Amino acid sequence: MNTTDLSAPDPGTAGPAAVEPTAVEPTAVEPTSGEPTAADLGRLRERYRAERDRRIRPDGTAQYRRTTGEFGFYADDPWSPPVAREPVRDTVDALVVGGGFGGLVAAARLRDAGLERIRVVDTAGDFGGTWYWNRYPGIACDIESSIYLPLLEETGGMPTRRYPPGEEIRAHARAIGERHDLHRDALFGTEVTGLDWDGDTDRWQARTDHGDEIAARYVVLSSGPFNRPKLPGIPGIETFAGHTFHTSRWDYDYTGGDATGGLDRIGDRTIAVIGTGATAIQCVPHLAEGAKHLYVVQRTPSTVDVRDDAAYDADWWASLEPGWQRRRREDFLNLVNMLPPEHGGQGVADRWTDIAPVRGAVRYARTRGTETLSEALEIADAEKMDEIRARVDAVVDDPATAAALKPWYRQMCKRPTFSDRYLQTFNRPDVTLLDTGGQGVERITPRGPVVGGTEYPVDAIVFATGFELGADPATRAGVDIRGRDGRTLASAWADGLSTLHGWVSRGFPNLFHVGALQNAASVNFAHVLEEQATHIAAVVAAARRRGRPVVEPTAEAERDWVRTIRERAVDGHAFLAECTPGYYNFEGRPRRRNEQFGGGPVEFHRILREWRDGSLDDVLGGAG
Ligand code: NDP
């Protein structure tokens, strides 16, 4: 059982192991109000199902609007001017598609492996990926920085806080680029459009939207899960006459202020923010402080747990023994995946290590013999959600607003959030929660959103409506990829993904995938990406030592892994089918085929280590 990645990857493959609701005797406290609690699991289940059912829409994932066509301006980079330059024609050792943390750590590790020419290409104007684009007020990470920030122990320096602001994270991305001399060959403001394998030279030929033609021995694909913002499919969205923008393209010319807040140009403006996910949780308090009036338009409330941020203590930081980042990361990974920590805990426990499945596993261990795993998980989840809902009552003054802000689903149905400011915002007289009862905004007129038959005139609408997730892994990078004999990756994977350990695929030599594909992700996605990068670079180093130009899995090795993935997939279907709709369950229609390794990331990382300590014949031996 594992708690797979919830902060990033392949939607629907995330979520805890299957947990079929079963009849159990309640052990929690008696309900103190008319609302169901852990003390009455039957009623709680009914409530959860009712909330799910009234949110399921026939159009499912098709309800959203892509940021193309009339919304194509979202592809523009608000943070850097367009790049005008002569096309590049050259040969490099490695081409890395994507300069977010996945691409950066891959490039850094390839540099460590001795590669000289490494060209990172990104549509953004600098490194950082999602931390480059997302600069909304209040942006911060909610994974502790000591374990989140990649290569931190090597790069050095102490983050200011446990959960540092986005600006600091972006600066760290730049620091990785500088330390590994990656700016030198980087092409920013540039999109890779095509990749063709040239079997004569054993190189990839890359094309870009700037007319570049780059030959590369190795290509790393790391397009990231949050590379395309999406808009809600609300009728009339295009008719709104006021100002609009998506949170990932924040318009500070309009709002004033910066990512730390201080939105000083909207004091006479009425603003609506649509969406109440992890992004809204962070930016809503700042919008409320700046705007004359703020409407928070809610379809489904998030779970908002305690954040408990604090500045790091310099003495404690100085006391960390070498190897601390690996140890802290491993212990966090174990804890969130319901395993005992290997290094004594390292003090990494926080609200993530207290999420419902972790509590459930602890409960199961304690009550072994009297409760099944399903029962223990369900009861622990109900108790956790009781606490989350009780917190709303404790913080929010107006009972009707508090009632609307309570989430009615199991905690891992949606991405958990953490804030000590969001719920408090609803006590302000200049903030109104517009709860849509799970139905979403009815329509948008030229004057504003319509909710419950009432039009709310506003000056601006901010879309905190997330990103296109669940795109086809073969095409989501937007690159036309043709491997041996001109075969496209899309056609090779038409009947399902096929990789060895998620990072390399037969017919596509020297093309390495970084991200969530037939592997095991986790909430600390940056850790997982670094494991993948280390692995790829180790194989490349071995290939170079042995004078082998081509890394490509044998048919047998790939087949074996695909079989393993199918046999040991994370079976989240039953759990996700009971969940309120969202991107974890493809808007209420979880897919049966699951491409995440059910053994979880701890076992997966061990599999990778043991495999690469072996002969590597699977990719350097019989292939080619
Ligand atoms: P999400 O996809 O999580 O949230 C989108 C929101 O828009 C939901 O509340 C959704 O409601 C709402 N919505 C969609 N359509 C409509 C509609 N028609 N009417 C009203 N509301 C609508 O996007 P976010 O940008 O918040 O987060 C994306 C991901 O980014 C997170 O899941 C997380 O992984 C990552 N993130 C991580 C952070 C970190 O600290 N590490 C911080 C911020 C984001 P509904 O729930 O009903 O679908």
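Residues numbered from 1 in each chain as written. Predicted model: local features only at pLDDT ≥ 70, side-chain atom pairs only at ≥ 80, totals over all residues. Heavy atoms only, no water.

In the Cofactor (unreviewed entry) part of its UniProt record, the chain is described as follows: "FAD". The Sequence similarities (unreviewed entry) comment attached to the chain in UniProt states, word for word, "Belongs to the FAD-binding monooxygenase family." (UniProt positions renumbered as here; feature names shortened; annotations may be inferred.)

**Student:** Looking at this model, I keep getting lost on the overall build of the chain. Mind explaining?
**Tutor:** Helix and strand counts for the chain come out as 20 helices and 19 strands. For the chain, the C-alpha radius of gyration of 24 Å lies close to 25 Å, the compact-globule estimate for 624 residues. Over its C-alpha atoms, taken along the principal directions, the chain stretches across nearly 70 × 60 × 55 Å. Out of the 624 residues belonging to the chain, those deemed buried represent 60%. Taking the intrachain contacts of the chain between residues at least 6 apart in sequence as the baseline, contacts between residues at least 24 apart amount to 73%. Surface summary for the chain: the accessible area is close to 23,500 Å², and the carbon and sulfur share equals 48%. If you average the places of the 74 positive and of the 93 negative side-chain charges in the chain, the two averages end up 2 Å apart. (Helix = DSSP H or I, 4+ residues; strand = E, 2+ residues; numbered from the N terminus. Rg over C-alpha atoms; globule rule 2.2 N^0.38 Å. Buried < 20%, exposed > 50% of the residue type's maximum accessible area, 1.4 Å probe, protein only. Contact = heavy atoms within 4.5 Å. Areas by Shrake-Rupley, 256 points an atom, 1.4 Å probe, with all protein chains shown as cover. Lys, Arg positive; Asp, Glu negative; His and termini not counted. Charge placed at Lys NZ, Arg CZ, Asp CG, Glu CD.)

**Student:** Whenever I open this one, the UniProt feature "domain: FAD/NAD(P)-binding" (unreviewed entry) in the chain confuses me. Can you help?
**Tutor:** With numbering matched to this structure, UniProt assigns "domain: FAD/NAD(P)-binding" (unreviewed entry) to residues 93-304. Across residues 93-304, helical content stands at 26% and strand content at 23%; the span's end C-alpha atoms are separated by 46 Å.

**Student:** How should the packing of helix H16 (residues 525-545) against helix H19 (residues 600-612) be read in this particular structure?
**Tutor:** Running from N to C, H16 and H19 cross one another at 10 degrees; their axes reach a closest spacing of 11 Å. Here H16 is positioned roughly parallel relative to H19, judged by the angle of their axes. Of the residues in H19, those touching H16 at His527, Val528, Glu531, Thr534, His535, Ala538 and Val539 are His605, Leu608, Trp611 and Arg612. Residues belonging to the contact of H16 with H19 are distributed by class as follows: five nonpolar, four polar and two charged. (Axes fitted to C-alpha atoms, helices over the stretch in contact; angles between N-to-C directions. Parallel < 35°, antiparallel > 145°, perpendicular 65-115°, else oblique. Nonpolar A, V, L, I, M, F, W, Y, C, P; charged D, E, K, R; others polar.)

**Student:** Just checking my understanding: could you explain the site of the ligand for this structure?
**Tutor:** As a matter of local geometry, the ligand sits amid 28 residues, with Thr279, Arg299, Thr300, Lys414 and Tyr583 nearest to it. Thr276 is positioned such that a nitrogen or oxygen atom in its backbone is 2.9 Å from an oxygen atom of the ligand. Contact between the ligand and Thr300: an oxygen atom at 2.6 Å from a side-chain N or O atom of the residue. Starting from 920 Å² of accessible surface for the ligand in isolation, the protein chains cover 92%. Residue contributions to the shell around the ligand peak at three residues, all from helix H8 (residues 278-290). Along the lines of polarity and charge, the residues of the shell around the ligand split into 14 nonpolar, ten polar and four charged. (Near = heavy atom within 4 Å. Polar contact = N/O pair within 3.5 Å; in protein donor to acceptor, adjacent residues only side chain to side chain.)

**Student:** Whenever I open this one, the domain arrangement of the chain confuses me. Can you help?
**Tutor:** Bring the parts together and some accessible area is lost; that lost area is often taken as the interface size. With domains assigned, the chain is organised as domain 1 (38-69 + 230-307 + 384-463), domain 2 (89-228 + 469-550) and domain 3 (314-373). For the pairing of domain 1 and domain 3, the buried interface totals around 750 Å² over both sides, and the portion due to carbon and sulfur atoms is 63%. When the area that domain 1 buries against domain 3 is broken down by residue, the three leading residues are Lys384, Met412 and Phe418, summing to 54%. For the pair domain 1 and domain 3, the number of links is three salt bridges. Between Arg359 and Glu387 there is a salt bridge; the shortest N-O distance is 2.9 Å. Tallied by class, residues from the side of domain 1 that touches domain 3 come to four nonpolar, one polar and four charged. (Domains from an automatic or database assignment. Buried area = accessible area lost by both parts, 1.4 Å probe. Salt bridge = Lys/Arg side-chain N within 4 Å of Asp/Glu carboxyl O.)

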